Amino acid sequence: MTYRYRCEIRTMDYWLLSMYHTYHSMIGMCNLVLLGASVALTVRFWNEVNVNVQVFLVLFCLLIPVFHPAGVWMKARSRAKMTPQNTEMAFSDQGIYVTLDGKHEMISWNKVKGAKKEGNMVILFTGGGHGYMLTDHVLGEEKEEFYNYVKARVYTGDGNHSDKRRKSK
């Protein structure tokens with residue numbers, strides 16, 4: 001079976017990935033505790049402080065739900081601008097055929113270090129901090145089928161493919 005996709009990574013894709021990682025980690029839990037504390041402080045001291053402190057408390061309450069996501073959005077926008085667009089990828093039993101700006105590359109499955117399903121995408125790791133992101137808007141309804149196809153071919157580093165390794169345990 002062959003899968004073909006034209007990848008276009010949007011700012012929203014990077015933003016969702018960053019927010020997913022943040023709020024599925026200890027940092028996300030600390031953010032939620034900080035948000036709760038800021039709201040509790042604001043409610044507790046609102047009538048006892050002057051206008052300047054009230055403004056500070058409101059800004060403090062907006063830190064996690066507004067300013068943090070806005071900062072992540074700005075970073076995501078710059079990353080999206082630097083990312084090559086219109087990458088064409090074809091997946092077959094021999095490997096991954098990548099085309100970008102008229103240049104072609106064949107990546108055999110034994111060079112793919114892993115595949116991971118994140119919130120809104122499938123990420124293929126090819127080593128050295130490099131990889132390919134295939135988002136939900138590119139994969140569509142084939143996401144689960146495609147992910148299983150890739151996982152069955154990813155090289156585990158011990159001479160086995162991931163599907164063979166799972167069966168032997």
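On a predicted model such as this, the values are computed, not experimentally measured, just so you know. Within each chain, residues carry numbers counting from 1 in the order of the written sequence. Selection of residues for local features in this predicted model requires a pLDDT of at least 70, selection of side-chain atom pairs for listing and counting requires 80 or more, and totals for whole chains, interfaces and linings are taken over all residues. Side-chain metrics rest on all non-hydrogen atoms present in the structure, leaving aside hydrogens and water.

(A) Region of the structure containing the sheet that holds strand β3 (residues 95–100). A pair of strands is labelled paired if DSSP reports no fewer than 2 bridges between them. A run of H or I in DSSP counts as a helix once it spans at least four residues, and a run of E counts as a strand once it spans at least two, with each numbered from the N terminus. A sheet is described by the order of its strands in space; here four strands give the open sequence β1-β2-β3-β4, paired in antiparallel fashion. Taken across any chain shown, the strands that pair with only one partner, and hence form the sheet edges, are β1 (3–7) and β4 (103–108). For this sheet the average axis-to-axis angle between neighbouring strands, irrespective of direction, equals 15°. Strand direction decides the pairing type here: β1 and strand β2 (residues 87–91), joined by five bridges, are antiparallel. Residue R4 lies in a different strand from β2, and its bridge partner there is A90. In this fold helix α5 (residues 143–151) packs onto β1 and β2, with an angle of close to 110° to the strand it touches most, β1. Here, axes are lines fitted to C-alpha atoms. For helices the fit covers the stretch in contact, and angles between N-to-C directions go from 0 to 180 degrees. Contacts: residue pairs with any heavy atoms within 4.5 Å of one another.

(B) Quick peek at the sheet that holds strand β5 (residues 114–118). What the three strands build is an open sheet, ordered β5-β6-β7; its pairing is antiparallel. In the strand order of this sheet, the two ends are held by β5 and β7 (130–135), each with one partner. Strand-to-strand twist across the sheet, computed as the mean angle between neighbouring axes with direction ignored, equals 20°. The pairing of strand β6 (residues 121–127) with β7 spans six bridges and is antiparallel. Paired with M121 across the strands is T135, a residue of β7. This element, α5, spans β5, β6 and β7 of the sheet and lies at about 160° to β5.

(C) Fine view of the nonpolar core. Only buried Ala, Val, Leu, Ile, Met, Phe, Trp, Tyr and Cys residues count toward a nonpolar core, and they belong to the same one when joined by side-chain atoms within 4.5 Å. Only protein chains enter the accessibility calculation, which uses a 1.4 Å probe. A residue is then buried if its area is under 20% of the maximum for its type, exposed if over 50%, and partly exposed in between. If you look at the biggest cluster of nonpolar residues, it comprises 22 residues, and the most contacted ones within it are F91, I96, L134 and F146. Those elements that provide at least two residues to this core are β1, β2, β3, β6, β7, α4 (136–139) and α5. Tallying contributions element by element places α5 first for this core, with four residues. Counting eight residues, the second-largest nonpolar core is a separate cluster that includes I9, Y14, L17 and A80.

(D) Structural context of the pairing of β4. As paired strands, β3 and β4 are joined by six bridges and run antiparallel to one another. Bridge pairing in β4 links L100 to K103. Adjacent in sequence and paired antiparallel, β3 and β4 are bridged by two residues, among which D101 carries a positive phi angle near 50°.

(E) Local environment of the side chain of T99. By the secondary structure assignment, T99 is in strand β3. Pairs of N or O atoms are called polar contacts if they sit within 3.5 Å, as long as, within protein, a hydrogen donor faces a hydrogen acceptor (for residues adjacent in sequence, only side-chain-to-side-chain pairs). Within the structure, the side chain of T99 is placed 3.1 Å from the side chain of H104, a separation counted as a polar contact. With residues up to four places along the chain from it excluded, the contact list for T99 reads N86, T87, E88 and H104.

(F) Layout of the confidence of the model for the protein chain. The quantity called pLDDT is the predictor's confidence in a given residue, expressed from 0 to 100. Taken residue by residue, the protein chain gives an average pLDDT of 87. The fraction at 70 or more is 91%. A low-confidence stretch, residues 163–169 stays under pLDDT 50, and its non-local contacts, those more than four residues away or across chains, total six contacts.

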